[in-house]
Structure formats: structure tokens, C-alpha cells
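Working through the structure, step by step
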Amino acid sequence: MTQQNAPVITPLTATERRVLQEISLGRAPAVGSSNLKMAQATFSAHSTRIGHKLQAKKPPVKVQMGFATGELPLPEPLSAPAPFDGQERLLWQAHALHHTAAAIAKHARIDQFDLAGDTARLMTKAGAGNEAHLIRLGHAYGVLTAIDVPTPSPT
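The following paragraphs examine the structure supplied in this document. Nothing here was measured: the structure is a model prediction, and the numbers come from that model. (Residues numbered from 1 in each chain as written. Predicted model: local features only at pLDDT ≥ 70, side-chain atom pairs only at ≥ 80, totals over all residues. Heavy atoms only, no water.)

In summary, soluble globular proteins display a tendency toward joint burial of nonpolar side chains. Grouped together as the largest cluster of nonpolar side chains are 37 residues, with contacts concentrated most on L20, V63, F84, L91, W92, L134 and Y141. The leading source of residues in this core is helix α4 (residues 59-69), at 5 residues. Dropping the residues within four chain positions of it, L20 is found in contact with L12, I50, L54, K62, V63, G66 and L72. (Core = buried A, V, L, I, M, F, W, Y, C linked by side-chain atoms within 4.5 Å. Buried < 20%, exposed > 50% of the residue type's maximum accessible area, 1.4 Å probe, protein only. Helix = DSSP H or I, 4+ residues; strand = E, 2+ residues; numbered from the N terminus. Contact = heavy atoms within 4.5 Å.)

Looking now at the packing of helix α1 (residues 14-24) against α4. At a minimum axis separation of 10 Å, α1 and α4 run at an interaxial angle of 120°. Relative to α4, α1 is oriented oblique. Where α1 crosses over α4, the two elements pack in a sense that is left-handed. Facing α1, whose interface residues are L20, I23 and S24, α4 presents P59, K62, V63 and G66. Its residues assigned to classes, the contact of α1 with α4 shows 4 nonpolar, 2 polar and 1 charged. (Axes fitted to C-alpha atoms, helices over the stretch in contact; angles between N-to-C directions. Parallel < 35°, antiparallel > 145°, perpendicular 65-115°, else oblique. Left-handed = near helix turned anticlockwise from the far one by under 90°. Nonpolar A, V, L, I, M, F, W, Y, C, P; charged D, E, K, R; others polar.)

All right, on to the pattern of salt bridges then. Counted according to the given criterion, the structure contains 7 salt bridges. A salt bridge links K125 to E88; the nearest nitrogen and oxygen atoms lie 3.0 Å apart. Taken together, the positions of K125 in helix α7 (residues 115-126) and E88 in helix α5 (residues 86-97) put the pair 37 residues apart, joining distant regions of the chain. We classify K125 as partly exposed; its relative accessible area is 30%. Of the charged contacts in the structure, one is a salt bridge between R121 and D118, with a shortest N-O distance of 2.4 Å. Of this pair, R121 and D118 both sit in helix α7, separated by 3 residues, roughly a single helical turn. Given a relative accessible area of 23%, D118 falls into the partly exposed group. It is possible to trace a salt-bridge network through shared partners that takes in E16, R49 and K53. (Salt bridge = Lys/Arg side-chain N within 4 Å of Asp/Glu carboxyl O.)

The end-to-end C-alpha distance of helix α3 (residues 40-54), which contains 15 residues, comes to 21 Å, matching closely the 21 Å that a straight helix rising 1.5 Å per residue would cover. Burial in α3 covers these residues: F43, H46, S47, I50, G51, K53 and L54. An end-on view of α3 places all buried positions within 165° of arc, on one side of the element. Every exposed residue of α3 that faces more than 90 degrees away from the buried side is listed here: A41 and H52. Of the surrounding elements, those touching the buried residues of α3 are α1, α2 (29-35) and α4. Backbone geometry just downstream of α3 places Q55 in the positive-phi region, at approximately 55°. (Expected span 1.5 Å × (residues − 1). Arc of directions from axis to C-beta.)

Put into C-alpha cells, the structure is as follows:
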């Protein structure tokens, strides 16, 4: 399901790396575009190009691919706000590696109908604003590694 050291098909531009950084910080497009002093449509266009280059559709998978390829610098280590059990870690990894709710639920070994609630609880416990931010925090807390590379997004 995962590969190691997948290359970036096309390297990201400096602007795309800044957009990916904003995404990883959990910033909504309106906030990220404002921070980068660009139109929201421009921010969204860069996000789409990032997805094509990293073969990732969902923001959390874009962030994981950014870390896995070195296009996004790893965050500074942080102390986790609480211990995370094996099931929470598995769900965290599932969000980093998969594009669909069905694949995330299967990887995490939970019912797909429980996915939204379980994810919301994990995000609250981790202090994440959204799923992309959850991936960044997973790296900062040492829950995730850049060794796990998502499978390319279905086209």
C-alpha cells in the first residue's frame, strides 16, 4: 500500500511550497491566500497544481507527500498534548496515506460510518484545526514518519 522514497514527478515552485506550508498549518484557503498576499483563486490554483505534482488530491495526503518527498520541511518536534493509543495512531496514519473514506476506514480497521466521529475526536485530542493540520502535528508529535509514502491518487 505504501512505497518508500517516491520521487516528486515535478518539483514544486517556491510559491507552491509556501502554499503547501499554509495548508499544512491548517489554514483555510481564505486565510492562507491572505497570508501569502494572493487571491484565493490563485491559492486554490496552486493547491491544484501541488496535487497534480505530488499525485495527491486530498490536503492531508498532499501534506504527507510534501514531507515524504522533502518538498515540505518537517516541523520542529513538539510534546504531544496526550498519549495516543494504537487505534488513534492507525487512524492518523490512514489519513496520511489514503484518499478515500473507504480506504481510510479500512486501513484504520473501523466502520466507515464511524470515521467522521473518530476523526473529529482525534483532531480535538491532537489540537488540529483540520485533517491537513493533523498530518503536520502527527509529524511534530512523532506519530507519523516521512518514510510512509501514499499511493498515487486515482485519476
